[in-house]
Amino acid sequence: MQLLQPILLFSAIAALLAPIHRGAGFGLLIASYGLALVTGQLSSPSLIALILLIAAAYAVTDGHPRLARYLGHGLFVALTIALSLHWMPGFNNWRIIGPERLTPDAVPFTMYFNLDKPLSGAWLLLVLPWLRPRYALRQLPIGLAGAALAIMLTLPIALAAGMTAWSPKWPASSGLWLANNLLIVTAMEEVVFRGYLQGGLSRCLQGRRHGDWIALLLSSAVFGLAHFSGGSVWMLLAGLAGLAYGCAFRFGGLPAAIIAHFGLNAAHFFLFVYPMLQTGT
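This is a predicted model, so every value here is computed, not measured.

### A short note on the overall build of the protein
Regarding its fold elements, the protein presents nine helices and two strands. Helices and strands appear in the protein in the N-to-C order α-α-α-α-β-β-α-α-α-α-α. Taken against the 2.2 N^0.38 rule, which gives 19 Å for 281 residues, the C-alpha radius of gyration of the protein at 19 Å falls within 12% of a compact globule. Taken along the three principal axes of its C-alpha coordinates, the protein extends 60 × 50 × 35 Å. A total of 281 residues make up the protein; the buried ones form 49% of that total. Summarising the internal contacts of the protein: among those between residues at least 6 apart in sequence, 74% fall at separations of at least 24.

And the structure:
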């Protein structure tokens, strides 16, 4: 029963990203969170976040006054910050890996199956039709080029700073990490930072000189700041990675950005010390 809940959520996010009717993803999302409520991963205070997200969705609907739409987007942004920092009550996120050392020289790694953070990405895919991804064959090479750019921008700095080191591996938890990182972490972060933030800024700056590039730079800076808990070097690395993901999004859309982001994460996980070197090793 416990494994069924993440399977349902993984399937819900995959369906929301797929070029099918969003009702399928919404149904799976309801089933996933309904099961979480039954099994105790959600408690009644989590309804506060869900009700506020519904209110934000209603406010941003076309046909409402501009002020109401602005307030709806403001409420959504505030909720996204609160959910990403685990500030909203009622979410009992399940620890599915660790703490364990993936290599002897690494800091212990812990991974949670988060129910709060993916709500923002799911909200965007359900509520804003312009954000839903469109697919084309050219997105794969663009995404891979974005991943290569992200690796070149970040890993030399991380190596020089002593944050990681070469360490190829295939941990026993690799399959679980792949599914969670692709769908819960990478895809949902790209929906928020590239799809909503960079895409939304591009729409606002449409017709202005270099508007798309301004949107790319601003969203990358915010992405870097969002990693403040890791310290200044980690924020710098995230900002540089955001530039690569932003370029992939600029030329290949949301699917290319997801490929670029996941490519860097996978390279870090499978080829280098993860999440980082233990201090003093």
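### So, the environment of Leu-155
Tracing the backbone through its elements, the reader meets Leu-155 in helix α6 (residues 139–160). Look at Leu-155 and you get buried, because its relative accessible area is 8%. Linking Leu-155 and Phe-272, residues 117 residues apart in sequence, is a C-alpha distance of 9.3 Å. Once residues within four sequence positions are removed from consideration, Leu-155 is found in contact with Ala-150, Leu-264 and Phe-272.

### Looking at the packing of aromatic side chains
We describe a pair of aromatic rings using the distance from one ring centre to the other and the angle between the two ring planes. Applying the stated criterion to the full structure yields 16 aromatic pairs. Arranged with centres 5.0 Å apart and planes meeting at 75°, the rings of Phe-193 and Phe-223 form a pair that is edge-to-face. Remark: Phe-223 occurs in helix α8 (residues 211–225) and Phe-193 occurs in helix α7 (residues 174–204); sequence separation between them is 30 residues. Accessibility expressed as a relative area gives 3% for Phe-223, which makes it buried. With 4.9 Å between their ring centres and 85° between their planes, Phe-269 and Phe-270 make a pair best called edge-to-face. Classification of Phe-269 by relative accessible area gives buried; the value is 0%. Given the relative accessible area of 12%, Phe-270 is considered buried. Lys-169 extends its terminal NZ or CZ atom over the ring of Phe-269, reaching a point 6.0 Å from the ring centre. It is Arg-194 that lies over the ring of Phe-223; its NZ or CZ is 4.5 Å from the centre.

### Thoughts on the side chain of Ser-120
For Ser-120, the position within the fold is in helix α5 (residues 118–127). Non-local contacts of Ser-120, meaning those with residues more than four positions away in its chain, are made with Phe-76, Thr-80, Leu-83 and Val-192.

### Concerning the pairing of strand β2 (residues 109–113)
Burial along β2 is one-sided: Phe-109, Met-111 and Phe-113 are buried, and none of Thr-110 and Tyr-112, which face the opposite way, are. Both strand β1 (residues 94–100) and β2 contribute to a ladder of four bridges, which runs antiparallel. Following the sheet pairing, Arg-95 is matched in β2 by Tyr-112.

Conventions adopted
Throughout, residues of each chain are indexed from 1 in the direction in which the sequence is written. With pLDDT at 70 or above as the cut-off, local features in this predicted model cover only qualifying residues; side-chain atom pairs require 80 or more to be listed or tallied, and sums for whole chains, interfaces and linings still use all residues. No hydrogens and no water enter the side-chain calculation; it runs on all heavy atoms of the structure. Secondary structure counts use DSSP, requiring at least four H or I residues in a row for a helix and at least two E residues in a row for a strand, with both numbered from the N terminus. The size measure is the radius of gyration over C-alpha atoms, and the globule rule it meets is 2.2 Å times the number of residues to the 0.38 power. Whether a residue is buried, partly exposed or exposed follows from its accessible area with a 1.4 Å probe, protein chains only, as a fraction of its type maximum: under 20%, in between, or over 50%, in that order. Here, two residues are considered to be in contact whenever any of their heavy atoms come within 4.5 Å of each other. Stacked, tilted and edge-to-face pairs are distinguished by plane angle, under 30 degrees for stacked and over 60 for edge-to-face with tilted covering the rest, among Phe, Tyr and Trp rings (Trp via its six-membered ring) whose centres lie within 6.5 Å. The rule is short: NZ of Lys or CZ of Arg within 6 Å of the ring centre and within 35 degrees of the ring normal puts a charge over the ring. Between any two strands, pairing holds if DSSP finds at least two bridges.

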